Amino acid sequence: GGRYLSSLRPSPATAAAPDSDEVLVEGKASARASVLNRPGHLNALTTTMGARLNKFYESWEDSPDIGFVMMKGSGRAFCAGGDVVGLRQLINEGKLDESKDFFRTLYSFIYVLGTYLKPHVAILDGVTMGGGGGVSIPGTFRVATDRTVFATPEVHIGFHPDAAASFYLSHLTGHVGEYLALTGEKLNGVDMVALGLATHYSMSEHLDLVDERLAKLVTDDPSVIDSSLAQYGDLVYPDKTSIVHRLAVIDKCFSHETVEEIVDALESEAAQLNEEWCTLALKRLKEASPLALKVSLRSIREGRYQTLDECLVREYRMSINGISKPFYHDFCEGVRARLVDKDLAPKVFYFAGCTIVFFFSVQSF
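First, a word on scope: everything that follows refers to the structure included in this document. Computed from a prediction, not measured in an experiment: that's the story for all the values here. (Residues numbered from 1 in each chain as written. Predicted model: local features only at pLDDT ≥ 70, side-chain atom pairs only at ≥ 80, totals over all residues. Heavy atoms only, no water.)

1. A look at helix H2 (residues 47-62)
Quick reminder: α-helices carry 3.6 residues per turn. Residues three or four places apart thus point the same way.
At step 1: Taking 1.5 Å per residue as the helical rise, H2 with its 16 residues ought to reach 22 Å, and the 23 Å between its terminal C-alpha atoms agrees with that figure.
At step 2: The set of residues buried in H2 consists of Thr47, Met49, Gly50, Ala51, Arg52, Leu53, Asn54, Phe56, Tyr57, Glu58, Trp60 and Glu61. (Helix = DSSP H or I, 4+ residues; strand = E, 2+ residues; numbered from the N terminus. Expected span 1.5 Å × (residues − 1). Buried < 20%, exposed > 50% of the residue type's maximum accessible area, 1.4 Å probe, protein only.)

2. Thoughts on the packing of aromatic side chains
At step 1: Enumeration according to the criterion identifies ten aromatic pairs in this entry.
At step 2: Aromatic side chains Tyr57 and Tyr116 sit 5.4 Å apart centroid to centroid with 55 degrees between the ring planes, which places their arrangement in the tilted category. With Tyr57 in helix H2 and Tyr116 in the loop between helix H4 (96-114) and strand E5 (120-124), this pair connects stretches of sequence that are 59 residues apart. Across the pair, exposure class does not vary: Tyr57 and Tyr116 are buried alike.
At step 3: Taking 5.9 Å as the distance between ring centres and 20 degrees as the angle between the ring planes, the aromatic pair formed by Phe103 and Phe159 counts as stacked. (Phe/Tyr/Trp six-rings, centres within 6.5 Å; stacked < 30°, edge-to-face > 60°.)

3. Notes on unusual backbone geometry
At step 1: One non-glycine residue with positive phi stands out, namely Leu42, at about 50 degrees.
At step 2: The backbone of Asn274 sits at a positive phi, close to 55 degrees, despite the residue not being glycine.
At step 3: Note that Asn274 resides in the loop between helix H12 (259-273) and helix H13 (276-287).

4. Observations regarding the sheet that holds strand E9 (residues 187-188)
At step 1: Here four strands make up an open sheet; going across it, the order is E4-E6-E8-E9 and the pairing mixed. Each edge of the sheet is formed by a strand with only one pairing partner; in this case those strands are strand E4 (77-79) and E9.
At step 2: Two strands pair when backbone bridges link them, and strand E6 (residues 127-129) and strand E8 (residues 149-151) are joined in this way by three bridges, in the parallel orientation. Bridge pairing in E8 places Met129 opposite Ala151. (Pairing = 2+ DSSP bridges.)

5. What to know about the sheet that holds E5
At step 1: Read across the sheet, six strands follow the order E1-E2-E3-E5-E7-E10 without closing on themselves; strand pairing throughout is mixed. The sheet is open, and its two borders are formed by strand E1 (23-27) and strand E10 (200-201), each paired with just one other strand.
At step 2: The strands touched by helix H10 (residues 222-232) within the sheet are strand E3 (68-73), E5, strand E7 (141-144) and E10, with E7 carrying the most contacts at an inclination of about 5 degrees. (Contact = heavy atoms within 4.5 Å. Axes fitted to C-alpha atoms, helices over the stretch in contact; angles between N-to-C directions.)

Note that all results are geometric; they support no functional claim without further evidence.
What follows is the structure, encoded as structure tokens:
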């Protein structure tokens, strides 16, 4: 039986999960591995992939022969997030129901993962962005590598960090969640471990050993899996460029109530510190959609006091509002400028002060 967020039940069309090689399955001694398999698109998630993941994970959870579940990506990425280029096309063609299905299906899977009854191991070897964090971080274990690049860059395409990001970013130490959400700054695997976004670390070239070990493991005990990942993984320590050395300044700047105050605080720190990361953070804030920054800040602040399911339901509402008039211009233009034509020159991000309320208003599902 499916476990769905009450308001995010996938439509019958999507629930049927068409066959597709975009998600492959590997069988192990007492585990199954789902392999995200769109390497030419950095394994960006489609509605079909979300539906297949839902179907697989529900049947694996019910199967007494399966002790734990794994997820990995094929090629040089784990998962670059949702397929926003495909989503933009749906919106431009006026296919709003299909657009809603995309979010419903993906968020439903994230809820299944976040409440999964069996241990889950995600191997984040390569790009792990946006929705890629959503389909891994709510699970039990996340193995980062020397090839991991994590970010939630949605504000730069006129959107908000979704797919549970308002839940897991807001629950990080201090105000580093606001920093990651508003700047879209990249983290490497070592910093992911330092912040708790990842639970283990392995050099990419050692992953075959980790995989072999897990393939032979007959268990449903998280502590057994934990010690195997630790034993076959690598010990790493943050270096002098690590985010851990910036946390005090990040907290000081990103604890402010408004985006404007955050920018002011960063500007005065940048003037005093003369550190590159400060200047870069400012540059990235100024390149983002002003409306997306305000919406995202509020989303992280609300998420801090919400459960995973409350965050997903709110993010769904925000996402549907964000792709509907009068806001879809920001999203479609941001995607065009960064991912389609790649001219990096969005034609004037829309800005409105009072309209932020609309993002959080209840629309019909």
